[in-house]
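Notes for the structure review
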Amino acid sequence: MNKYEAEFSNLVRSFRKKHMGKGPSKITTTFCKQWAICEMEGNLSPVEKFIASANEGKQALRAARTEMVKEMYRKNPPVEMEEFLGCNFVELFVDIDIDRDFGMSIFVFDEDIQAKFSSQ
């Protein structure tokens, strides 16, 4: 992870903390073409871990941690990320493995951020 990817990780953590009350404990970001791929560990709160102990709870949490997160970014565009990268946010893909408490978010931008930040 270069310094730009590390700073992007910090922006993701800050955004999640601001809008969800808790950010992941560990984020690793990789820029790949127009994508910022974030691997996230330690996403679930203690209450969510308790809810996940039941099968129905796992399904509800997975839905919340995917669809609701995407909706959060639609309602609250990540302006800080756009300003940092100097390009526009286009779309977000999200998935989480509730049992492992491991999530992936792929942020899509309108420019090749890998090329833009790999040589700096």
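Residues numbered from 1 in each chain as written. Predicted model: local features only at pLDDT ≥ 70, side-chain atom pairs only at ≥ 80, totals over all residues. Heavy atoms only, no water.

**As for unusual backbone geometry**
- The backbone of Lys-33 shows a phi angle near 55 degrees, a positive value even though the residue is not glycine.
- Residue Lys-33 is classed as exposed on the basis of its relative accessible area, which comes to 56%. (Buried < 20%, exposed > 50% of the residue type's maximum accessible area, 1.4 Å probe, protein only.)

**Considerations on the sheet that holds strand β3 (residues 89-97)**
- The antiparallel open sheet is built from 4 strands, whose spatial order is β1-β2-β4-β3. Since the sheet does not close on itself, it has two edges, and those belong to β1 (26-32) and β3, each with one partner. With strand direction ignored, the average angle separating the axes of adjacent strands in the sheet is 15 degrees.
- Across 7 bridges, strand β2 (residues 35-41) lies against strand β4 (residues 102-109) in antiparallel orientation. For Ala-36, the partnering residue across the bridge sits in β4 and is Phe-107.
- Packing against the sheet, helix α1 (residues 3-20) makes contact with β1, β2 and β4, and its axis sits at approximately 125 degrees to β1.
- The sheet strands contacting helix α3 (residues 55-75) are β3 and β4, and the helix crosses β3 at an angle near 165 degrees. (Pairing = 2+ DSSP bridges. Helix = DSSP H or I, 4+ residues; strand = E, 2+ residues; numbered from the N terminus. Axes fitted to C-alpha atoms, helices over the stretch in contact; angles between N-to-C directions. Contact = heavy atoms within 4.5 Å.)

**Here we look at the pairing of β4**
- Within β4, 6 of the 8 residues are buried, leaving the element largely enclosed by the surrounding structure.
- Across 8 bridges, the pairing between β3 and β4 is antiparallel. Within β4, the residue paired with Phe-89 across the bridge is Phe-109.
- Hairpin connection, β3 to β4: the antiparallel pair is bridged by 4 residues, and Asp-101 has positive phi, about 55 degrees.

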